[in-house]
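Summary of structural features
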Amino acid sequence: MADLDNFKIAKNYHLDVPFEMGNFHVKGSAHLDWGMKKRLSNLFDPKSGNTVMFAFDHGYFMGSVSGLERLDILIPQLLDSVDVLMGTRGALRTSVAPACGKSIALRTTSGSSMLNDDLSHEIIAVDIQDAVRMNADCMAVQTFIGADGQLSSLDNLSRTINEGLRYSIPTMGVIAVGKQLERTDRFFKLATRIVAELGANLIKTYYCDNFEEIVAACPVPIVVAGGKKLPEQEALTLAYQSIRDGAHGLDMGRNIFQSQYPAQMAAAIRKIVHEKATDKEAYEFYLDAIHAKE
Ligand code: R5P
């Protein structure tokens, strides 16, 4: 291991120089094989380069959370606006129509629950054969950099990437923030880069200050998680800032399914992600949509 003394904090991100994309629209993926590119194209729209993911995997450690009580009723309302459904195999197999026409981000790690103090220890719960059977477009693995479960989570990630490379299924590294850690750009720069260097094909993380530097130093696309429920206008500003600063999509959960108007909220987010709408335009669109519904 390198001597850690005298390492300076990185600062030269060349924000004015675009990443060399090669001949493919997904960052860092130009040299992958056909199958990987096909699945990444299912996730990231070839025109905008971006994606609207809907995260409803919360049940894997939280049980039935408010807004996700009836997936069979909720999911069909969102299909016009989202590109990717991110869920567990249990939720997908029981409550989502195979003919839904959406890409699938399959949650493959689990093992923690809200009843534990330490949520950072997980296992690979879904093997590659089942990911193949589910025709998953990527496998989502939780990582806990800086937490007690760091080593086992990076073991889960690496094993999943190894299997994913064998069958051309991309891996999404999900950055968790432990209780003792702060959501600083320094933490997210460290965590996203580690996960990318281990071979993740896309990364889900949180928005923070200096986000454009995190994007610049991360050689694969980043999608931003929504986090706790915000007022709709604030959630759309978070979405707008994320895309403006270089995210290639949103992977929102609570800010969609806990909204009073989930379908209209998802449609407003789509405007930002794929149509370059500002947060103001998207909020006006949202208000118009809910007035039209009432
Ligand atoms: C993360 O561990 C969860 O599985 C969710 O996928 C993630 O937190 C995104 O959902 P939300 O936008 O509600 O934070």
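All of the points below concern the structure found in this document.

**Details of the pairing of strand β9 (residues 222-225)**
Of the two faces of β9, both are covered, the one formed by I222 and V224 as well as the one formed by V223 and A225. Here strand β8 (residues 202-205) runs beside β9; their pairing, made up of three bridges, is parallel. Note on β9: the bridge partner recorded for K204 is V223. You can see the chain leave β8, run along helix α8 (residues 211-216) and come back into β9, and the turn it takes is right-handed. Here β9 pairs with strand β10 (residues 249-252) via two bridges, running parallel.

**Side note on the nonpolar core**
Membership of the largest hydrophobic core comes to 70 residues, with the highest contact counts inside it found for F54, F56, L85, I203 and I269. By residue number, the principal contributor to this core is helix α11 (residues 262-275), which donates six residues. Setting aside residues no more than four positions away along its own chain, F56 makes contact with L68, L71, I75, L85, M86, G87, A91, L92 and V96. Core analysis: the next-biggest nonpolar cluster, separate from the first, contains 17 residues, V26, L40, L202 and V223 among them.

**Considering the site of the ligand**
Around the ligand there are 13 residues in total, and D57, H58, K204, G253 and R254 lie nearest to it. Contacts to the ligand include D57, whose side-chain N or O atom sits 2.6 Å from an oxygen atom. Note that an oxygen atom of the ligand is positioned 3.1 Å from one of the side-chain N or O atoms of Q142. With the chains in place, 95% of the 360 Å² that the ligand exposes on its own is no longer accessible. Across the shell around the ligand, the residue classes tally to three nonpolar, five polar and five charged.

**Digging into α11**
The terminal C-alpha atoms of α11, which comprises 14 residues, lie 19 Å apart, in line with the 20 Å expected from a rise of 1.5 Å per residue. Every buried residue of α11 is listed here: P262, Q264, M265, A266, A267, A268, I269, I272, V273 and H274. Of the surrounding secondary structure, the elements contacted by the buried residues of α11 are β1 (51-55), α3 (71-78), α9 (232-244), β10, α10 (254-257) and α12 (279-293). With its phi angle positive at about 60°, K276 sits one or two positions after the end of α11.

The rules behind these values
Residues numbered from 1 in each chain as written. Predicted model: local features only at pLDDT ≥ 70, side-chain atom pairs only at ≥ 80, totals over all residues. Heavy atoms only, no water. Buried < 20%, exposed > 50% of the residue type's maximum accessible area, 1.4 Å probe, protein only. Helix = DSSP H or I, 4+ residues; strand = E, 2+ residues; numbered from the N terminus. Pairing = 2+ DSSP bridges. Right-handed = clockwise from strand over helix to strand, strands pointing away. Core = buried A, V, L, I, M, F, W, Y, C linked by side-chain atoms within 4.5 Å. Contact = heavy atoms within 4.5 Å. Near = heavy atom within 4 Å. Polar contact = N/O pair within 3.5 Å; in protein donor to acceptor, adjacent residues only side chain to side chain. Areas by Shrake-Rupley, 256 points an atom, 1.4 Å probe, with all protein chains shown as cover. Nonpolar A, V, L, I, M, F, W, Y, C, P; charged D, E, K, R; others polar. Expected span 1.5 Å × (residues − 1).

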